[in-house]
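For reference, the chains in residue letters:
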Amino acid sequence: MEIIPSDVIKTLPKQEFSLVFQKVKELEKKGARIINLGQGNPDLPTPPHIVQSLREAALNPSYHGYGPFRGYPFLKEAIAEFYEREYGVSVNPETEVALFGGGKAGLYVLTQCLLNPGDIALVPNPGYPEYLSGITMARAELHEMPLHPENGYLPDFEQIDPAVLKKAKLMFLNYPNNPTGATADQAFYEKAAAFAKKHDIHLIHDFAYGAFEFDQNPASFLQAKEAKTVGAELYSFSKTFNMAGWRMAFAVGNEKIIQAVNKFQDHVFVGMFGGLQQAAAAALSGSPEHTERLKRTYQERIDFFTDLCEMELGWSIEKPKGTFYVWAEIPNEFESSHQFSDYLLEHAHVVVTPGEIFGSRGKRYVRISMVAKQGDLREFVLRIQKLGLSFASLQETSR
Ligand code: PMP
């Protein structure tokens, strides 16, 4: 019998990140030492008190059977307290919080809950490519909102075609922003929520880098007056607590959206291991000092790296306001970011993410993750220096 995958499988976009990992593995098998600044995978360990909490929880037999479908109330209460403490936002732990097995799963579930076939979803370009997966699976269409450096990488809502707005049912925003490192303030969120309300568009704010804004504490979308009327915020444990492998995230916001998420998840999952939930609650209730230190570490790495690029390569890179990424223009001699990153992998054994993965507006950029110690960041720059590329012309063409 011939196995014929469904149409959804056929139309799902390529998983670009996994293609890069494959290439890296092949080179490593041949003995190359690769410096991988391509993936947004935190290099530092999960704080010990969180790991300790999981160890203790593993010994608790009450977690060994099925748990509550929608998660333990103690974790939802810890989430509500975290939002109150960090952002001054009140959240009802019973009705306004839903748990996910990772932010990526959350993006998928939210799109299934909010989109019908033929609806339009508005996504940023450049933007996190995984928004596309859920949109494709919901058989919805995608409309890109261009982000320009002149506007601080914030979308200009007024530029969206009214015909598109009529069909638009969902908008994704993401600040601090992957890949550009741009940030947004409360005034922007007020505008976004009011716009979404006016046009009946659900708004999901992806707050995966919510801990990392350098000059101030980041604003939460939920601080906007109409936020809970129109949408929800997705928060991930991956970056704030170095828990990317744990696969944990949550959404907070509009009660009806949370209800839909709960209903959907009741049909697909049976909560997640109670031990993970206990440790996640420990993460949220612990001292914010660890996160503050982590933020400073990323900021120091960004300063170190961009200064070194300028000094050693003449590569001028604007320092981001948040996240742990730098968004850097590629030298003129390369046709595309794919070509440039393939070249770097082959000739310098360093990995960067081609900007095109984030949309057409990333064509002349690469994203470089500051997920390595300063020694490796220096080595990364020195390996590129040996290639003798010219970065100098960038300053005249684009600045
Ligand atoms: N949103 C953005 C913008 C991200 O960069 C990521 C992870 N790289 C996620 C969501 C998902 O994170 P996770 O699945 O690890 O929670």
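Along each chain, numbering runs from 1 in the same order as the chain's sequence is written. Confidence filtering applies because this is a predicted model: local features only for residues at pLDDT of at least 70, side-chain atom pairs given and counted only at 80 or more, and all residues used for totals across whole chains, interfaces and linings. Working from all heavy atoms in the structure, the side-chain values ignore hydrogens and water.

A.B. asks: For the UniProt feature "domain: Aminotransferase class I/classII large" (unreviewed entry) in the chain, give the residues involved together with the corresponding values.
C.D. replies: UniProt positions are given in the numbering used here, feature names are shortened, and annotations may be inferred rather than shown by experiment. In the numbering used here, UniProt assigns the feature "domain: Aminotransferase class I/classII large" (unreviewed entry) to residues 34–383. In the segment residues 34–383, helix accounts for 41% and strand for 16%; the C-alpha atoms at its two ends are 11 Å apart. Helix numbering and strand numbering both begin at the N terminus, where a helix is a DSSP run of H or I of at least 4 residues and a strand a DSSP run of E of at least 2.

A.B. asks: Run through the packing of helix H4 (residues 73–87) against helix H12 (residues 274–285), naming residues and quoting values.
C.D. replies: Only C-alpha atoms enter the line fits that serve as axes; for helices the fit covers just the stretch in contact. Angles between N-to-C directions range over 0 to 180 degrees. It is the contact of H4 with H12, at a shortest axis distance of 9 Å, that shows an interaxial angle of 20°. Of the possible angle classes, the one that applies to H4 and H12 is roughly parallel. Considering only the axes of H4 and H12, their crossing is left-handed. In this structure, H4 contributes Phe 74, Leu 75, Ala 78, Ile 79, Phe 82 and Arg 85 to the contact, and H12 contributes Gly 274, Gln 277, Gln 278, Ala 280, Ala 281, Leu 284 and Ser 285. Any angle from 65 to 115 degrees is called roughly perpendicular, while one under 35 is roughly parallel, one over 145 is roughly antiparallel, and all others are oblique. Crossings are assigned a handedness: left-handed for a near helix turned anticlockwise from the far helix by less than a right angle, right-handed for a clockwise turn. Here, residues are in contact when the closest pair of their heavy atoms is within 4.5 Å.

A.B. asks: Which residues make up helix H8 (residues 186–198), and what values do they have?
C.D. replies: Under the 1.5 Å per step criterion, the end-to-end length of H8 is 18 Å for 13 residues, consistent within 8% with the ideal 18 Å. Buried, partly exposed and exposed residues are distinguished by accessible area as a fraction of the type maximum, computed with a 1.4 Å probe on protein chains only: under 20%, between the cut-offs, and over 50%, respectively. When we look at burial in H8, the residues that qualify are Phe 188, Tyr 189, Ala 192, Ala 193, Phe 195 and Ala 196. Viewed along the axis of H8, the buried residues span an arc of 160°, placing them on a single side of the element. Counted as exposed and oriented over 90 degrees from the buried face of H8: Ala 187, Lys 191 and Lys 198. Those residues of H8 that are buried lie in contact with helix H7 (162–167), strand E5 (168–174), strand E6 (202–206) and helix H9 (227–230). Remark: Asp 200 follows H8 within two positions and exhibits a positive phi of approximately 55°. What a helix should span is 1.5 Å times the count of its residues minus one. Picture the helix axis, draw a direction to every C-beta atom, and the arc is the one those directions span.

A.B. asks: For the site of the ligand, give the residues involved together with the corresponding values.
C.D. replies: Whether a residue is near a molecule or strand is decided by its heavy atoms; if any one of them lies within 4 Å of it, the residue is near. Lining the immediate environment of the ligand, one finds 13 residues, of which Gly 103, Asp 206, Tyr 209, Ser 238 and Arg 247 sit closest. Whenever two N or O atoms come within 3.5 Å, that pair is a polar contact, provided that in protein one can donate a hydrogen and the other can accept it, and provided that, for residues adjacent in sequence, both atoms are side-chain atoms. Lys 104 places a main-chain nitrogen or oxygen 2.9 Å from an oxygen atom of the ligand. One of the side-chain N or O atoms of Asp 206 is found 2.5 Å from a nitrogen atom in the ligand. A 1.4 Å probe and the Shrake-Rupley method give the accessible areas. Residues count as covered only by the protein chains that appear here. Summarising the interface, the protein chains cover 91% of the accessible area of the ligand, which totals 400 Å² for the free molecule. Only helix H5 (103–114) and helix H10 (237–240) provide two or more residues apiece to the shell around the ligand. In this classification, the charged set is Asp, Glu, Lys and Arg, the nonpolar set is Ala, Val, Leu, Ile, Met, Phe, Trp, Tyr, Cys and Pro, and all remaining amino acids, among them Gly, are polar. Class assignment of the residues belonging to the shell around the ligand gives a composition of 3 nonpolar, 6 polar and 4 charged.

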